[in-house]
Amino acid sequence: MAGLRARLLGWFAEHQRDLPWRRTRDPYAIWVSEVMLQQTRVETVVPYYHRFLARFPDVHHLADASADDVLAAWSGLGYYRRARLLHRGAAHVARELGGDLPATVQGLLAVPGIGRYTAGAIASIAFDVAAPLVDGNVARVLARLFAIGDDPKSTAGAARTWAIAEALVSPRAPGAFNQALMELGATVCVPRGPRCGGCPVAALCRARAEGLEHELPRVSPKRPPRRVDLVAIVARDASGRVLLGQRDESGTFASMWEPPMAERGAPLPVATKGARRVGEVTHVLSHRRLHIEVHAAEGATAPRRAVGGYRRFRWVAMGDLGEVGLATVSRKVLAAAGCD
Ligand code: SF4
């Protein structure tokens, strides 16, 4: 264990990427970065991280912001549930804890939206607590280093991976150690084609010794995403504004704004005259593949009540589209109708 830690820490000190959240010990900034990095690439996150912290520089600013403002700042980053949970967590920290994030894993886990991974990350990186963490990168590295045959997402595989991470975390430099494991997974021990020749722990790796580095981790095959066919209406009024609907509070796009849409064959939530098909958009989510027929209309009548999965509707000037929470798929639909 000691040899593994020393090699990893030495390698990390020399080879780590210079990332903005590695220049701070502010627990709030680290929390924001960790939430953004879940399921999202580093290069995508960097500009969002800077903009988000400029707009909500501390937990009080985030807690006091409206849900619309938070979703607008998250717009395009995907997995919008993360933003809603972060917002809810910030409100809890600001109102119940005086604005200070707890410095223990147990305390952090009591904050709404903070799970085991994020608690481990904040505790170890911001507070030097010897807490383990396991994300996709760490699970892959540990599966190879210790030749774990179980799928890391299975109950048994996850339990084993977390137990190893816990035994392994450096008591003296837990934050650097956890980041080193994640960095190794992101840059060397990558999913396909691990670069064992440049790996600082190759001599200690069981998968490498047994010729299993391309076989591990063993993952169960994913189900292909389900196809969903939709029709979207991009309606403009006489002054060029676009009609958007705000989604209900549940589902993948909860509270986000979008051109009104419905499954093909179902009634549309808005009434239009002379709508014409102008294009088609496809967009893949984790479990669904959306095929959206885009129709453009001049004018539309939007209901004044909640309908078709929408809480409300509003006309938005083209220049203000950047100020509302729009998912990437909605931007694609608007672009297909010439509104970008
Ligand atoms: S030797 Fe290869 S498989 Fe083992 S940890 Fe290093 S990169 Fe991963």
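To keep things clear, this report deals only with the structure shown in the data block.

Conventions adopted
Residues numbered from 1 in each chain as written. Predicted model: local features only at pLDDT ≥ 70, side-chain atom pairs only at ≥ 80, totals over all residues. Heavy atoms only, no water. Salt bridge = Lys/Arg side-chain N within 4 Å of Asp/Glu carboxyl O. Buried < 20%, exposed > 50% of the residue type's maximum accessible area, 1.4 Å probe, protein only. Helix = DSSP H or I, 4+ residues; strand = E, 2+ residues; numbered from the N terminus. Lys, Arg positive; Asp, Glu negative; His and termini not counted. Contact = heavy atoms within 4.5 Å. Near = heavy atom within 4 Å. Nonpolar A, V, L, I, M, F, W, Y, C, P; charged D, E, K, R; others polar. Expected span 1.5 Å × (residues − 1). Arc of directions from axis to C-beta. Pairing = 2+ DSSP bridges. Phe/Tyr/Trp six-rings, centres within 6.5 Å; stacked < 30°, edge-to-face > 60°. Lys NZ or Arg CZ within 6 Å of the ring centre and 35° of its normal. Axes fitted to C-alpha atoms, helices over the stretch in contact; angles between N-to-C directions. Left-handed = near helix turned anticlockwise from the far one by under 90°.

## Concerning the pattern of salt bridges
- Overall, the coordinates contain 16 salt bridges when judged by the stated rule.
- Notably, a salt bridge pairs Asp237 with Arg241, separated by 2.7 Å at the nearest N-O pair.
- The buried category is assigned to Asp237, whose relative accessible area is 16%.
- Close ionic contact of Arg277 with Glu280 constitutes a salt bridge, the shortest N to O distance being 3.1 Å.

## A short note on the side chain of Glu34
- Following the sequence through the fold, Glu34 ends up in helix α2 (residues 27-37).
- For the buried Glu34, no salt bridge exists, and the shortest N-O distance to an oppositely charged side chain is 7.8 Å, to Arg22.
- In this structure Glu34 touches Tyr117, Thr118, Ala121, Ile125 and Met182, once residues within four positions along its chain are discounted.

## Overview of the site of the ligand
- In the region of the ligand, the neighbouring residues are Arg144, Cys189, Cys196, Cys199, Ala202, Cys205, Arg208 and Glu213.
- Considering only residue class, the shell around the ligand consists of 5 nonpolar, no polar and 3 charged.

## Points about helix α1 (residues 2-15)
- For α1, spanning 14 residues, the distance from its first C-alpha to its last is 20 Å, which sits close to the expected 20 Å at 1.5 Å a residue.
- The set of residues buried in α1 consists of Leu4, Arg5, Leu8, Trp11 and Phe12. One face of α1 carries all of its buried residues, which in axial projection span an arc of 140 degrees. Residues of α1 that are exposed and point over 90 degrees away from its buried face: Ala2, Ala6, Ala13 and Glu14.
- Turning to α1, the residues buried within the fold contact α9 (136-145), α10 (155-168) and α11 (174-187).

## Some points on the pairing of strand β7 (residues 288-298)
- Counting buried positions over the 11 residues of β7 gives 8, a clear majority of the element.
- Two elements, strand β1 (residues 226-236) and β7, share 11 bridges in a ladder whose sense is parallel. Across the sheet, Arg227 pairs through a bridge with Arg289, a residue of β7.
- Alignment of strand β6 (residues 276-284) against β7, held across 8 bridges, turns out to be antiparallel. Residue pairing in the sheet places Arg276 in a bridge with Ala296 of β7.
- Count of turn residues in the β6/β7 antiparallel hairpin: 3 residues.

## What to know about the packing of aromatic side chains
- Going through the model one piece at a time under the given rule, you end up with 5 aromatic pairs.
- Arranged with centres 5.3 Å apart and planes meeting at 75 degrees, the rings of Trp21 and Tyr49 form a pair that is edge-to-face. Remark: Tyr49 occurs in helix α3 (residues 42-55) and Trp21 occurs in the loop between α1 and α2; sequence separation between them is 28 residues. Exposure class is identical for Trp21 and Tyr49. Each is buried.
- Here Tyr310 and Phe313 contribute two aromatic rings whose centre-to-centre distance is 5.5 Å and whose plane-to-plane angle is 45 degrees, an arrangement assigned as tilted.
- Among the residues examined, Tyr310 registers a relative accessible area of 0% and is labelled buried.
- Look at Phe313 and you get buried, because its relative accessible area is 13%.
- An aromatic cluster of at least three residues, connected via ring pairs, comprises Phe52, Phe56 and Trp74.
- Cation over ring: Arg51 sits above Tyr48, and NZ or CZ is 4.8 Å from the ring centre.
- Its guanidinium or amino end placed over the ring of Trp257, Arg314 lies 5.0 Å from that ring's centre, counting from NZ or CZ.

## Considering the packing of α2 against helix α8 (residues 116-127)
- Relative orientation of the contacting elements α2 and α8 amounts to 145 degrees, with a least axis distance of 9 Å. Here the hand of the crossing between α2 and α8 comes out right-handed. Here Pro27, Ile30, Trp31 and Glu34 of α2 lie close against α8, whose contacting residues are Tyr117, Thr118, Ala121, Ile122, Ile125, Ala126 and Phe127.
- A class-by-class count of the residues in the contact of α2 with α8 yields 9 nonpolar, 1 polar and 1 charged.

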